[in-house]
Each structure stands twice: as C-alpha cells, then as structure tokens.
Amino acid sequence: MSRTFGRIAIVNRGEPAMRLIHAAREFAREQGERLVTIALFTEADRHSMFVREADEAVALGEATFVDPRDGQRKSTYLDYERLEEALVTSHADAAWVGWGFVAEHPEFAELCDRLGIVFIGPPARVMRDLGDKITAKRIAEKARVPVARWSGGPVETIDEALTHARKIGYPLLIKATAGGGGRGIRRVASAEELEQAFDVVRREALSSFGDATVFLEAMVTNARHVEVQIIADEHENVWAVGVRDCSVQRRNQKLIEESGSTALNSYREHKLRDAAARLCRAAGYVGAGTVEFLYDPTRRQLAFMEVNTRLQVEHPVTEQTTGLDLVKLQLHVARGGQLGGRPPRPLGYAIEVRLNAEDPDNGFAPSPGRVALLRVPTGPGLRVDTGIAEGDRIAPEFDSMVAKIIANGRNRSEAIARLTRALAETTVVVQGGTTNKAFLLELLEREDYREGRVDIGWLDRLMASGERAERPHAAAALIEAALEVYREDQEAERQSFLYSAYRGRPQVTPRVGRKAELRAGGQAYDVMVYSLGGNRYRVEVDGARIPVWLESISDYERRMTLGGTTHRVVSVADGVVHLVEIDGIPHRVSRDDGGLVRSPAPAIVVALRVKAGQRVEAGQTVAVLEAMKTEMPIAAPLSGRVADVLVSANEQVEAAAPIVRIEPEAEEHAGPPTERLSFDEFTTADPDRLSAKDRCLAALRELHRLALGFDVEPERARSLVAELEEQREQVPADDEDLRLVELQLLDAFADITYLSGRQPHRQDESGTSAPSPQQALFMFTRALDAAGEGLPPWFVTALERALSHYGVGSLERSRELEEALVWMLKAHANVESQVIGVTSVLERFLRDDEVLRRFADDDLRSLLG
C-alpha cells in the first residue's frame, strides 16, 4: 500500500537523531520533495546538535519523570502522555525511533496507528511476537531456524526449572522473555546456582521489564555472537544484506562490531542469511531489523537468539560494505516502496568501535561533561557518526556515546589498521570527564583480537584476569603532566605579579623551578621542572636531566620534543588528575595529594561505607555513588586509616569532588604498582663526552639564562664559571661561536640590569628631576594598558632593548609581555650571582676593541665595579 508523509517526528536524540536528519535530507533531494524533520527534545538537550539541525523542534520537558505505575524514575522518551502530546503538537505524519527508548515498544507503534501517523518500523503485532523471546523461538522453530536446547516455553517454578535443567544440561542461561540490551540474563553452572538465581532473575525481570516470565536455554560456550541485518517490505521481499560479528562484549554489551566474521566461511554465511530471511518471512516482518545468533566454532552449530525489531547501533558496518543507506531504505519501505532485485553483495571489510564518555579505570563509570575539544579523523575508508559538537554537553541523564568510528578496507587487516589510526587521531576533551579511547586502542592492538581468536566471554575473562597491555609513551605523559603543573604555578605567579604591580610595587617569588609530586601506575614521582626560556624546559626525575621543548597549539593541544622525537600531545587537568594523550595514546597521571578519594563523575552519594578513624584496605569500597542510573562503588586507592569523610548520603557531588581522605600507610600505593618508568631514552649526552667547546657553550648558555632570570639556581654561578674557565683554555680565543654567546650574555646583562637602577636618570631633557630606571619600570608595570605612553623616551628605548632578549617586540600589553616582566624582575633579584659570570667573560677580552665599542658607556663598568 502506497503512503506518503512529509513531516517526520524523531523520537530519539543525539547520534540516532542526527542519523535520521542526514538520511531524510538526502532522501528528500533524491525524490525532489521536502521532508521536515522534527526533533522531540528534553530540557537537557535544548542546545544539542540534533535540536539545532532539525527543521523544527518540540520540547518534552524535563529529561526524566516518575512513572506512576511503578514509582520509578524513567526517561521522558518513555512517557507516552508527553509523547502523544508532542506528536499532536508537531503535526507529524510519521515517526522514526532509531534504537533505544521506544524503538522496540509495540505500544508506541499502536499509538502512532491511533493518531494516524506512519510508524517507520515493523507492525506492532510483529514487534510484540518477536520481542517476546519465547514466542520468537517458537516462530524460529516453525521456520526451521536452528535454536539451542531450551525449556520449550516459560518456566514458572523452581521445580520446573530443575526438571528442564536436567534435560538441557549445565551450564545454562536463565533469560527474561522481555529482556533486552544485555539485561535479564543470568548464567548458572549447577543446580545449586539455579536455585539461588531463579527467583532473583524473575524479580529483576519484573522490575526492569514489567514481566517476570523467564525461560531456560542451553549456554553455548566459547560462542561467537553473529547477526544478520535484514530489511523487508510489505510485498514479502526480505533482504538479508550482511552478516556482522559482535563477539567483543563486556557484560553482554557490544564494544567492537565487524561486517563479517572470522569464524564463518562463505557457505555458513549463506546459511545464516537464509535462516534469518526465513524467520522474518514467517513473522511477517516489514522494515529494518537484526536477527541474532550464537555460533559454536568447535561444533560448527548455529543457535538463534533473538530478533531486534529496530535498526542496530552497529548498522554502519553493513552500510560501508554494501553501499546501502538503511535509514533511507526504512523511509522507502515505510512509504510502501518495494525492494527490487537482489541485495548488493558485501565488498571489503568494516569495523566499528563505540567511543563513550566513560572511565574504564574506574569501573567504566559514566564520565559526562562539556565537550571542549572534538577532532575527528579523515581519510579514505573512514566514517564518524556523532551527535555532538564542540561546546555541547554530554548529559548525565542519557547514554554516554561520543561517536561511532567506522573504518573499512579491502580486507580485515586494512580495516583494523585504518581504524586504529583513526581512533588514535580522534581527539576528545571532555571537561570533567574522560573517554574509553585508551581501552579501545588496547583491544584493537591485542594479538587475540587481530587473529580473530575471540568469543563472547573473551573480554570478560581478560578483565577478570587484571591483565593490561603496557601503554607506550607513559614516561612522556608523566613529563607532560609535570610541565602542566609548572605552567599552572607560573600562571598563578603572573597573576600575583599583576596584582602587586597595580598596587605600585611589583613583586615576584625568588623560587627557582617547581616540584611536581605525581603518581602514575601506582608509583610516586618527584619531578623538578625548570624553564630555560621560550618553549624550552629541563625536567629532572629519578636522577635523569631531560631537555624538553614544548609548544602550545591551543588550550589543550601541544607539540613536545623529547629525546629528539616530537610528539603530538593533548592534555587536560581534571581536578587532581591529568589526562594526557601522547601521539593518540591516552594516559592518566594524578597529583599525589595525600590520600584524597574523589568522585570520578558528577553523581549522587548513595551510601557511605566507612567512618572517620576506620582502617581500610586498598580496593575496599568506601562509598557508593550513582551517575546516569549506574551505581559506582568507589574503592580506596590505598590502605590506611580514614581521616575524614567529606560528604553525606544523598548529597550531589561534582566530578573530582573529595569524598574521603585516607591517611596512607607507609610505602602503600594505589593498587599493585607497575614497574617504575624509565627516562633513559630522553637524557642528554654525558657531559664528560662533550668537546671543550660544547662544554663552554653549555656553561655560557646557562649563565645567559641566569642573566634573563630563568630557572637557574644562583649558587650554580661559581661552578659554571669554573667549568667555563677550565674548558675555555682549550678553545681558540677567536672562536666565533663562543664570542657570539659571550656577547649575548653581556648584552642581556647590561640591558636588563640597567632597568634595576635606583639612581635618577641623568639625561632628562626637561631639566626636571627624572625617575630612576627602576621607578620608571614600576610606573610602566602599574599601567600596562598604556603601553609606555607618557614615560620618558630614554626609558622606552631601554625597556624595548631589554624586552627584545625575551622575544618581545612591542610594548602593547600581551601575555608574552607580562611573562617577560616577571622574568626580568627575577633577574633583578639575582644580580650578584650574575656578576660572577659576566666578570669572567669581561676579564678575558676587556681589551678587545669590539667589546669596548659595544660597551662604551660607563654604566656597565660602574655596575661591575
């Protein structure tokens, strides 16, 4: 039956909503007509991308509501009264539901029928039949689709369950007939476990799905999760368009999906597609859907699991290998269109990962927040589906999806390589949160995964073993975190300087370098950082002296050179935790702040499990938080005694908020420490192996930095001069390279030290009392926005000359100017130590004509004298 519609209500949000918006725009252009997309949104999404991009939008109100039927708080996308009101208000004549929320609710399809709205999906009757796992199994058996041994129907009592279990055999599964999304499933390995779990699963099923009906099914051990994407029209045409493997799962939730399966040959793929098509014809299916199976590679047996009567999250891998647009096909079929001919044959291979705002290092706790930076990869064979943009907020009320990253290639090997590269190049900064990017990269690099040796229990076993792959660049990440600590302290000093300068007496701290106390991999590190001027630093850790070059590109992006290698860096501080990416590999480095246990995300304190004074062991639960409807046990990172409990039950806390403070026991670390990081690859050459000239240059450059006020300990001046004088005798007196650095030192010292003078300037043109250079400098710093206006010309010239040594070429106010003034004042505080080096250089060639011409003024001689 042909039907038309022109106004589509989107009963979903985020990435699914954007998927429909894009498809509808293309479909309308192909048909030469207009399709209006209408976003139904909750208050949490008022400013989200899909609301901005849709043609129209209708508000649903708050993100959640209390269901009067059971008293539970649920998503507003499940509030049928509000949905009906919004559909009527929108004047929609069709509704698209995507995946999640009401996507598999026959009641919503019936609501659309009652309102005269086209439901872009299967008929309600078919959804109800296939949504009930027991009915679906019976349909499958009639269609000669293989099923695992099962109870043949619902199981009402434990006695029935035990009887069926003896026939089926252990291990087996207790399944809720109305379950979905990996919920309502429990594995049991014995009669004793069955007796303990049976009533528990029934209660959970009733609570979660409103239906306590369960059945038993043989567990297919070491199974692969394989599924068939189907699309069917109302003319009994069923296309089985592709096979997918979704065996990489964590607690029944898919993480990596592939467009084919390494466990199936072409013959078995054909049998799988044929079985899926037969089942859908038998059920009278119309629309897009997925038929899911378990495959036992050892026995080469298939077992039907269920039908998802909707589009799946992982549908893009099928689109990438077939060239189809399944959403546009949904629109075509919903209008009564017919599928003509045969479906296209898959070409190549595609893999998808789900990049989520969640923290794998904290039990995959949801990690929402504002998206401060989002850079997605480009290139051949890549696709990124997302519903967010920079500046958007990942709301804690909904799922934590950031993006789906899909890569396809000529074969699986190329697809993996392309996906790994794309994921590493994906940059996401979630303020107050993090992502599972590092975890996904680790999985993609594992040999078992690359060789296809996985099953549905592989990842859970891997997680239970505690085995974690070593992440490259961990030492570089620690160094970057230390540099960020330094930069934070430097920024605080700049602000303090500006405040004191405004009050007429600019001040700086005499401190040289800064120590960052950090923890990584359960190990504590004391890292000293010294600024050498510009983008150059020196880091000292575990006896290593490491030169670092760091250039800021944006608020979060850096370019860092260590040991001759330049790295791409993304760095963000989240409370006491630094999340650092080095060449796309994420790392976590925390400040060692004395046993504070913090919330990993914005959350509600459900329960406190400890009291002040109580002793706790590392790994012991100290509190239970709830975020995004997920309970998160918060573990003690170390053993010790609880000094303070800093929150109360039912209190709302922000990300990184302190929960408990633990006084650590001596030599305790956060969990089992990893092997201590090595920094040998970054260290400079052994000074004893340098030539005399290079050692002279190194000493002179350090004295030059001291003259500029950078982080050189004043007490080092004498040892530097001793090194210089010892080695200088071995270098020709007229060496141009040395002479240039010596002159730079004298220039800098003369220009910068002049501005510390306290005697009035003797060449005031007006003949009136002139300020001293120091007084003029203080006047300048007090009114930086004036850019030197009103100050004596002699001072402006002298200041410009001094600032040139810091690479600052203008008196217009800038961050660079402010930082240069801070260093200049630090230099003024250490003039005495600088004189030692300058005197050594002058004594060597004071009679040199070039030097005498350069410093003809008596000011330098008087300063030295």
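In the block above lies the structure referred to throughout.
Residues numbered from 1 in each chain as written. Predicted model: local features only at pLDDT ≥ 70, side-chain atom pairs only at ≥ 80, totals over all residues. Heavy atoms only, no water.

Engineer: I'm lost on the overall build of the chain in this one. Help?
Structural biologist: Each helix and strand in the chain was counted, giving 25 helices and 39 strands. Its C-alpha atoms put the chain at 105 × 60 × 55 Å along the principal axes. Here the chain, with 865 residues, has 54% of them falling under the buried criterion. Here the contacts in the chain between residues at least 6 apart in sequence split such that 65% fall between residues at least 24 apart. Split by element, the accessible area of the chain, about 38,400 Å² in all, is 46% carbon and sulfur. (Helix = DSSP H or I, 4+ residues; strand = E, 2+ residues; numbered from the N terminus. Buried < 20%, exposed > 50% of the residue type's maximum accessible area, 1.4 Å probe, protein only. Contact = heavy atoms within 4.5 Å. Areas by Shrake-Rupley, 256 points an atom, 1.4 Å probe, with all protein chains shown as cover.)

Engineer: Is there a simple way to explain empty space enclosed by the protein in this structure?
Structural biologist: Rolled over the atoms, a probe as big as a water molecule pinpoints where empty space is left. The final tally for this structure, using the stated rule, is eight cavities of 30 Å³ or more. Its boundaries defined by the atoms lining it, the largest cavity holds a volume of some 260 Å³. Looking at the largest cavity, it is lined by 21 residues, and the ones nearest its centre are T434, T435, L579, E581 and P586. The set of elements that each furnish at least two residues to the lining of the largest cavity consists of β23 (427–431), α13 (437–445), β29 (565–574), β30 (577–582) and β31 (585–591). A class-by-class count of the residues in the lining of the largest cavity yields 11 nonpolar, four polar and six charged. Each pocket or cavity is described by its volume, and for the second largest cavity that value is around 100 Å³. (1 Å grid on protein atoms, 1.4 Å probe; cavity = no way out; pocket = protein on both sides within 12 Å on 5 of 7 lines; lining within 4 Å. Points joined across faces, edges and corners; volume = space filled by probe spheres on them. Nonpolar A, V, L, I, M, F, W, Y, C, P; charged D, E, K, R; others polar.)

Engineer: Whenever I open this one, the pattern of salt bridges confuses me. Can you help?
Structural biologist: Note on pairing: side chains with opposite charge can pair once their charged atoms come close. This structure, assessed with the given rule, holds 75 salt bridges. Its salt-bridge partner being E110, residue R128 comes within 2.9 Å of it at the nearest N-O pair. You can see R128 sitting in helix α5 (residues 124–131) and its partner E110 sitting in helix α4 (residues 106–115), a full 18 residues away along the chain. On the basis of relative accessible area, E110 is assigned to the partly exposed category, the value being 35%. (Salt bridge = Lys/Arg side-chain N within 4 Å of Asp/Glu carboxyl O.)

Engineer: What is the right way to look at the sheet that holds strand β10 (residues 214–218) in this model?
Structural biologist: Sheet strands associate in pairs through backbone hydrogen bonding, adopting either a parallel or an antiparallel arrangement. Taken in spatial order, the three strands of this open sheet run β9-β8-β10, and their pairing is antiparallel. Because the sheet does not close on itself, it has two edges, and the strands there are β9 (185–188) and β10. Averaged over all neighbouring strand pairs, the angle between strand axes comes to 25°, with direction disregarded. Pairing analysis gives five bridges linking strand β8 (residues 172–176) to β10, with the strands arranged antiparallel. Residue pairing in the sheet places L172 in a bridge with A218 of β10. Sheet strands in contact with helix α7 (residues 158–168) are β8 and β10, and its direction is about 15° off that of β10. (Pairing = 2+ DSSP bridges. Axes fitted to C-alpha atoms, helices over the stretch in contact; angles between N-to-C directions.)

Engineer: Which parts of the structure should I look at to understand the packing of aromatic side chains?
Structural biologist: The geometry of an aromatic ring pair is captured by two quantities: the separation of the ring centres and the angle between the planes. Under the defined criterion, the tally for this structure stands at 15 aromatic pairs. Residues W96 and W99 carry aromatic rings whose centres are separated by 6.3 Å and whose planes lie at 80° to one another, so their mutual orientation is edge-to-face. Classification of W96 by relative accessible area gives buried; the value is 0%. The buried category is assigned to W99, whose relative accessible area is 8%. Here a set of aromatic residues connected by ring pairs shows up, and it is made of Y77, F101 and F398. (Phe/Tyr/Trp six-rings, centres within 6.5 Å; stacked < 30°, edge-to-face > 60°.)

Engineer: Which parts of the structure should I look at to understand the environment of F364?
Structural biologist: Assignment of secondary structure puts F364 in the loop between β17 (358–359) and β18 (365–366). The exposure class of F364 is buried, given its relative accessible area of 8%. Considering only alpha carbons, one finds F364 and V512, 148 residues apart in sequence, at a separation of 41 Å.

Engineer: So what exactly am I meant to see when it comes to the sheet that holds strand β21 (residues 393–394) here?
Structural biologist: The strand order across the open sheet built from three strands is β21-β19-β23, with neighbouring strands paired in antiparallel fashion. Of all strands in the sheet, those bounded by a partner on one side alone are β21 and β23. Strand direction decides the pairing type here: strand β19 (residues 369–375) and β21, joined by two bridges, are antiparallel. The residue bridging R370 from the neighbouring strand is R393, located in β21.

Engineer: Is there a simple way to think about the side chain of N308 in this case?
Structural biologist: Take N308: it is sitting in strand β15 (residues 301–308). Sequence-distant contacts of N308, defined by excluding residues within four places in its chain, comprise E104, Y285, G289, T290 and E292.

Engineer: It is not clear to me how the nonpolar core should be interpreted in this structure. Could you clarify?
Structural biologist: General note: in soluble globular proteins, nonpolar side chains tend to be found buried as a group. F5, I8, V11, L40, F50 and F108 are the most contacted members of the largest nonpolar core, which totals 66 residues. No other element matches the eight residues that helix α1 (residues 14–31) contributes to this core. In contact with F108, not counting residues within four places along its chain, are V11, Y80, L83, L87, A95, V97, V102 and F119. Of all hydrophobic cores here, the second largest spans 65 residues; its members include A520, I546, F682 and L708. (Core = buried A, V, L, I, M, F, W, Y, C linked by side-chain atoms within 4.5 Å.)

Engineer: Looking at this structure, how should I read helix α17 (residues 692–708)?
Structural biologist: Structural remark: α-helix, 3.6 residues per turn; residues separated by three or four positions point the same way. Taking 1.5 Å as the rise per residue, α17 with 17 residues should run 24 Å; its terminal C-alpha atoms sit 25 Å apart, in good agreement. Taking burial as the measure, the 17 residues of α17 include 13 buried ones, the bulk of the element. Phi turns positive, to about 90°, at G709, one or two residues after α17. (Expected span 1.5 Å × (residues − 1).)

Engineer: What is the right way to read the pairing of strand β26 (residues 536–541) from this model?
Structural biologist: Here is the key point about a regular strand: its side chains alternate between the two faces of the sheet. Alignment of strand β25 (residues 523–533) against β26, held across five bridges, turns out to be antiparallel. From the neighbouring strand, S531 faces β26, where its bridge partner is Y537. Between β25 and β26, which pair antiparallel and follow one another directly, the connecting turn spans two residues, one of which, G534, has a positive phi of 60°. Across six bridges, the pairing between β26 and strand β27 (residues 544–552) is antiparallel. When the sheet's bridge partners are listed, E540 is paired in β27 with R545. Remark: two residues form the turn of the hairpin made by β26 and β27, two consecutive strands paired antiparallel; D542 in that turn has positive phi of roughly 50°.

Engineer: In this structure, what is going on with the packing of helix α20 (residues 773–782) against helix α22 (residues 815–828)? I would like to understand it.
Structural biologist: Axis angle and axis distance: for two packed helices, these are the angle between their axes and the distance between the axes, and together they describe the pair. The N-to-C vectors of α20 and α22 enclose an angle of 150°; their axes lie 12 Å apart at closest approach. Comparing the axis directions of α20 and α22 gives the class roughly antiparallel. Of the two elements, α20 crosses α22, and the hand of that crossing is left-handed. The residues of α22 that touch α20, namely those facing L777, F778, F780 and T781, are L817, L821, M824, L825 and H828. Tallied by class, residues from the contact of α20 with α22 come to seven nonpolar, two polar and no charged. (Parallel < 35°, antiparallel > 145°, perpendicular 65-115°, else oblique. Left-handed = near helix turned anticlockwise from the far one by under 90°.)

Engineer: Explain the layout of surface pockets here, please?
Structural biologist: What the second largest pocket holds in volume is close to 1,000 Å³. Lining the second largest pocket are 38 residues; nearest its centre among them are R487, Q490, G534, Y537 and E819. Going through the elements one at a time, α16 (474–502), β25, β26, β27, β29, α17 and α22 are the ones with two or more residues in the lining of the second largest pocket. No other element matches the six residues that α16 contributes to the lining of the second largest pocket.

Engineer: Looking at this model, I keep getting lost on unusual backbone geometry. Mind explaining?
Structural biologist: With the exception of glycine, most residues fall at negative phi, and the peptide bonds are largely trans. Note that the residue after Y170, namely P171, is joined by a cis bond; omega there is -5°. Here P171 lies in the loop between α7 and β8. The phi dihedral of E236 is positive, around 70°, even though this residue is not glycine. Of note, E236 is situated in the loop between β11 (224–232) and β12 (238–250). Here the phi dihedral of D583 falls at roughly 50°; this positive angle occurs in a residue that is not glycine. Judged by its relative accessible area of 22%, D583 is partly exposed.

Engineer: I would appreciate a short explanation of a negative patch on the surface in the present structure.
Structural biologist: Together, D159, E160, E192, E193 and E195 line one region of the surface with negative charge. Going through the elements one at a time, α7 and α8 (191–209) are the ones with two or more residues in the negative patch. By the secondary structure assignment, E160 is in helix α7. (Patch = residues over 30% accessible without salt bridge, like charges linked within 9 Å, V, L, I, M, F, W, Y side chains within 5 Å. Lys, Arg positive; Asp, Glu negative; His and termini not counted. Charge placed at Lys NZ, Arg CZ, Asp CG, Glu CD.)

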